[in-house]
Amino acid sequence: KQEWCFVVEPNEETLWPKEADVKIKEDRRRKPIPLSKFKDELKEKNDQLKRLNQPEMTEEELIGGRLYTGPLFVKYNGVLRGCRDSDPLELRLILKQLCGGAQGTKPNLYTTTLHVINSCIIKLSKLTKATPVYRGLAGKSLPDSFLTANDF
């Protein structure tokens, strides 16, 4: 519930938890921003989606996207990686630890939330320019052209 309030309707009186990593500079840390502050950005994205004849983003999808980019991503990824009986025992135990499910009860699988997040990602992907993605490989090095500055 605390993360929900942080994302949807934070208030000035609440002392919100901060990232434990002291290496993160203060100006780069998460800040409580009310959902109302995203109204113009949501409208802009929806205008872009309309021009592409795509369905608009809903407020629920905005909330889901914001929840996923915060600390709850650990729980959501835990559900996605460890909720089947065929998954390794270690993943299933992590799921129980993160999402409940002790003493014979089922863990919270965040089914609706994950569907909303998925919908958010699909819609926003329509506005994303495809570019190459580079991944590192152990024991390899980057070509010189990668290390030389270009005009951009």
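The shown structure was predicted, so the numbers you read here are calculated from the model rather than taken from an experiment.

Draft legend 1. Looking closely at a nonpolar patch on the surface. Taken together, the side chains of Tyr134, Leu142, Phe146 and Leu147 make up a nonpolar region of the molecular surface, amounting to roughly 490 Å² of accessible area. Tracing the chain through its elements places leucine 147 in helix α7 (residues 144–147).

Draft legend 2. Fine view of the packing of aromatic side chains. In total, this model carries two aromatic pairs according to the counting rule given. Ring geometry for tyrosine 68 and tyrosine 76: centres 6.3 Å apart, planes at 15°, overall stacked. Aromatic side chains tyrosine 76 and tyrosine 110 sit 5.4 Å apart centroid to centroid with 75° between the ring planes, which places their arrangement in the edge-to-face category. Of this pair, tyrosine 76 sits in helix α4 (residues 73–82) while tyrosine 110 sits in the loop between α5 (89–99) and α6 (111–125); the two residues are 34 residues apart in sequence, bridging distant segments of the chain. In this pair, the class of tyrosine 76 matches that of tyrosine 110, namely buried. Linked through ring pairs, Tyr68, Tyr76 and Tyr110 together constitute an aromatic cluster.

What counts, and at which threshold
- Residues numbered from 1 in each chain as written.
- Predicted model: local features only at pLDDT ≥ 70, side-chain atom pairs only at ≥ 80, totals over all residues.
- Heavy atoms only, no water.
- Patch = residues over 30% accessible without salt bridge, like charges linked within 9 Å, V, L, I, M, F, W, Y side chains within 5 Å.
- Areas by Shrake-Rupley, 256 points an atom, 1.4 Å probe, with all protein chains shown as cover.
- Salt bridge = Lys/Arg side-chain N within 4 Å of Asp/Glu carboxyl O.
- Helix = DSSP H or I, 4+ residues; strand = E, 2+ residues; numbered from the N terminus.
- Phe/Tyr/Trp six-rings, centres within 6.5 Å; stacked < 30°, edge-to-face > 60°.
- Buried < 20%, exposed > 50% of the residue type's maximum accessible area, 1.4 Å probe, protein only.

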